[in-house]
Amino acid sequence: MAQTFLDENVEALLSNDFEAIRRMCSLPFRLETMDKKRILRTTEGLKAASTACYESLRSRNISHIIRRCLEAAWCDPETICVLYETRYVSGGRFLTYEPYLSLATLRLEEGRWKLSSMQFASDEAEPIIRLVNHEL
């Protein structure tokens, strides 16, 4: 289930499908790196972040994102924590920087699983991380 969720999230990001992203994310939505945190509290903030992420992916010619679930664990009956690895592909080749680890928290809300937070172990590679470090 966690891998399917990650795959669907990547598909929504790469196709700039904000309605799918909106359905997948809780509000407030927390993004964190080792030293910074950003909380998106409104649909408008989520849309701005989603658009900025899509533009960052396009500007770097990223054609595929490979997120591989390494481990998923129940934190409570309505929360799953997912450890995953991310790699980027451009032009049919993996990009030169190293894959990195992230932690996603999925919460069951109104009968559907939604992302409530993402924590990233890298500061530079992930376009979403740039949103944590810079104002939109």
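Conventions we followed
Residues numbered from 1 in each chain as written. Predicted model: local features only at pLDDT ≥ 70, side-chain atom pairs only at ≥ 80, totals over all residues. Heavy atoms only, no water. Helix = DSSP H or I, 4+ residues; strand = E, 2+ residues; numbered from the N terminus. Buried < 20%, exposed > 50% of the residue type's maximum accessible area, 1.4 Å probe, protein only. Areas by Shrake-Rupley, 256 points an atom, 1.4 Å probe, with all protein chains shown as cover. Core = buried A, V, L, I, M, F, W, Y, C linked by side-chain atoms within 4.5 Å. Contact = heavy atoms within 4.5 Å. Axes fitted to C-alpha atoms, helices over the stretch in contact; angles between N-to-C directions. Parallel < 35°, antiparallel > 145°, perpendicular 65-115°, else oblique. Nonpolar A, V, L, I, M, F, W, Y, C, P; charged D, E, K, R; others polar. Expected span 1.5 Å × (residues − 1).

Things to note about the overall build of the protein
Argument step 1. Counting secondary structure elements, the protein contains four helices and seven strands.
Argument step 2. When the helices and strands of the protein are listed from N to C terminus, the series reads α-α-β-β-α-β-β-β-β-β-α.
Argument step 3. For the protein, the proportion of its 136 residues judged to be buried stands at 44%.
Argument step 4. Counting every atom, the protein has about 7600 Å² of accessible surface; 49% of that belongs to carbon and sulfur.

Comments concerning the nonpolar core
Argument step 1. Among the nonpolar cores identified, the biggest contains 31 residues, and Phe29, Leu57, Val82, Tyr84, Leu106, Leu115 and Met118 are the most heavily contacted of them.
Argument step 2. Contributions of two or more residues to this core are made by helix H1 (2-15), helix H2 (18-24), strand E1 (25-32), helix H3 (43-59), strand E4 (79-90), strand E6 (100-109) and strand E7 (112-120).
Argument step 3. The greatest single-element share of this core, amounting to six residues, is contributed by H1.
Argument step 4. In contact with Phe29, not counting residues within four places along its chain, are Arg38, Ile39, Leu40, Leu46, Leu115, Ser116, Ser117 and Met118.

Remarks on the packing of H1 against H3
Argument step 1. Orientation of H1 relative to H3, taken along the N-to-C sense of each, is 75 degrees, at an axis distance of 8 Å. Looking at the two axes, H1 sits roughly perpendicular to H3. Across the interface between the two elements, Leu13, Leu14 and Ser15 from H1 touch Cys53, Tyr54 and Leu57 from H3.
Argument step 2. Looking at side-chain class alone, the contact of H1 with H3 contains five nonpolar, one polar and no charged residues.

Describing H3
Argument step 1. Here H3 spans 24 Å end to end across 17 residues, near enough to the 24 Å set by a 1.5 Å rise per residue.
Argument step 2. Buried residues of H3: Gly45, Leu46, Ala49, Ser50, Cys53, Tyr54, Ser56 and Leu57, and no others.
Argument step 3. Count one or two residues on from H3 and you reach Asn61, which has phi positive near 55 degrees.

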